[in-house]
Amino acid sequence: MNRSTMTKVLGAAAGIGIVSTLWMGLVFAPQDRLMGDVQRIMYVHVPAAWSGFLAFVVVFVASIAYLMKRDERLDHLAHAAAEAGVVLIGLAIALGAIWGKPTWGVWWTWDPRLTASAVLLAIYLGYLALRGMTDDPERRARWCAAVGIIGFLDVPIVYLSVLWWRTLHQPPSSPETVARPMLLALWTGVIAFTLLLAFFVSLRYQAARDEAELEFLEVSHA
Amino acid sequence: MPDARGFMVAAYVLTTLTIAVYGMRLAARARAAHRRLNAARTLYGGTHE
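The rules behind these values
Residues numbered from 1 in each chain as written. Chains lettered and ligands numbered in written order. Predicted model: local features only at pLDDT ≥ 70, side-chain atom pairs only at ≥ 80, totals over all residues. Heavy atoms only, no water. Helix = DSSP H or I, 4+ residues; strand = E, 2+ residues; numbered from the N terminus. Rg over C-alpha atoms; globule rule 2.2 N^0.38 Å. Buried < 20%, exposed > 50% of the residue type's maximum accessible area, 1.4 Å probe, protein only. 1 Å grid on protein atoms, 1.4 Å probe; cavity = no way out; pocket = protein on both sides within 12 Å on 5 of 7 lines; lining within 4 Å. Points joined across faces, edges and corners; volume = space filled by probe spheres on them. Nonpolar A, V, L, I, M, F, W, Y, C, P; charged D, E, K, R; others polar. Phe/Tyr/Trp six-rings, centres within 6.5 Å; stacked < 30°, edge-to-face > 60°.

Asks: Sorry, what's going on with the overall build of chain A here?
Replies: Secondary structure assignment for chain A yields 7 helices and 0 strands. Listing every helix and strand of chain A by position from the N terminus yields α-α-α-α-α-α-α. Taken against the 2.2 N^0.38 rule, which gives 17 Å for 222 residues, the C-alpha radius of gyration of chain A at 19 Å falls within 12% of a compact globule. Along the first, second and third principal axes, the C-alpha atoms of chain A reach 65 × 40 × 25 Å. Buried positions account for 48% of the 222 residues belonging to chain A.

As structure tokens, then:
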């Protein structure tokens with residue numbers, strides 16, 4: 001299977017997964033006894049945050065691998081994952097704000113989990129901005145690999161912030177305390193968003209690889 | 001509590017729109033990059049993919 005076919009298969013699987021997530025979250029899962037329908041936001045908020053974190057794990061691993069091997073494909077992979085991660089973490093933060101307003105009474109508060117998440121988004125927006133600051137592909141890849149490694153330190157801080165500090169945001173739920181249909185809906189979302197991330201990264205990687213080859217052709221024939 | 005169902009609908013609409021818009025933007029960018037690369041290969045005497 002070539003890369004283009006694999007991307008199409010991933011896109012179809014992610015599409016089916018996302019439609020299933022919407023159905024599971026809006027129809028299949030029962031209404032929460034305390035929060036009512038607004039709790040259904042969990043079935044998209046948690047998977048969006050999970051897939052954003054996973055994207056930054058890919059940036060971290062690809063950045064380390066790039067510094068060791070100096071293979072530009074690893075830099076393209078880190079770039080693709082960083083961009084998808086920014087979209088997904090940005091979505092998770094926006095969904096959290098929409099959930100926060102009816103439950104906490106505010107769209108935003110400088111709570112440890114929310115603040116650490118905002119810092120995470122800012123770090124990777126900085127990573128993407130940094131890519132436009134030099135025309136030398138090797139230097140760009142080296143600088144971004146350093147940011148991709150150091151910036152990742154905030155990911156465990158975001159995850160553990162609800163355990164380390166007193167926060168409005170709830171700590172992670174245990175599968176033992178969640179009703180089975182709710183758990184099924186949540187897992188559907190997690191799998192769908194993981195496939196979606198793979199699809200986004202695959203598409204963005206193809207574009208980055210073609211753009212790099214085009215840049216090389218134009219520079220070498222200028 | 002305000003109309004909680006409205007917040008839920010807003011969240012699902014935002015999710016769907018974000019995925020659709022970013023997905024279509026990525027697909028268009030990948031197609032354009034591939035097209036420009038093939039044109040450059042033709043111009044500079046490379047091979048098509």
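Asks: How should the layout of surface pockets be read in this particular structure?
Replies: Gaps between atoms show up when a probe of the same size as a water molecule is rolled over them. Residues and elements named next belong to chain A. Estimated volume of the largest pocket: approximately 1,400 Å³. Around the largest pocket, the lining comprises 48 residues; the ones closest to its centre are Val46, His169, Gln170, Pro172 and Ser173. Top element by residues in the lining of the largest pocket is helix H3 (residues 72–104). It accounts for 9 residues. In terms of residue class, the lining of the largest pocket is made up of 34 nonpolar, 11 polar and 3 charged. Along the walls of the second largest pocket sit 25 residues, with His76, Pro137, Arg140, Ala212 and Glu215 positioned nearest its centre. Here the lining of the second largest pocket takes 9 residues from helix H7 (residues 180–220), the largest share from any one element. Across the lining of the second largest pocket, the residue classes break down as 9 nonpolar, 4 polar and 12 charged.

Asks: Looking at this structure, I do not really get unusual backbone geometry. What am I missing?
Replies: The bulk of non-glycine residues show a negative phi, and the bulk of peptide bonds are trans. A positive phi angle, close to 55 degrees, is found at Arg70 of chain A, a residue other than glycine. Inspection of the secondary structure assignment puts Arg70 of chain A in the loop between helix H2 (42–69) and H3.

Asks: Honestly, the packing of aromatic side chains in this entry has me stumped. Any pointers?
Replies: In this description, a pair of aromatic rings is defined by centroid distance and the angle of the planes. Within this structure, the stated rule accounts for 9 aromatic pairs over all chains. Ring centres of Phe60 of chain A and Phe152 of chain A lie 4.4 Å apart, and the angle between their planes is 20 degrees; this geometry places the pair in the stacked category. Here Phe152 of chain A lies in the loop between helix H5 (137–151) and helix H6 (154–164) and Phe60 of chain A lies in helix H2, a separation of 92 residues in the sequence. Given a relative accessible area of 23%, Phe60 of chain A falls into the partly exposed group. Between Phe200 of chain A and Tyr22 of chain B, the aromatic rings sit 4.8 Å apart at their centres with planes inclined by 85 degrees, giving edge-to-face as the arrangement. Residue Phe200 of chain A is found in helix H7, and its partner Tyr22 of chain B is found in helix H1 (residues 4–44); the two belong to separate chains.

By themselves, these figures tell us nothing about what the structure is for.
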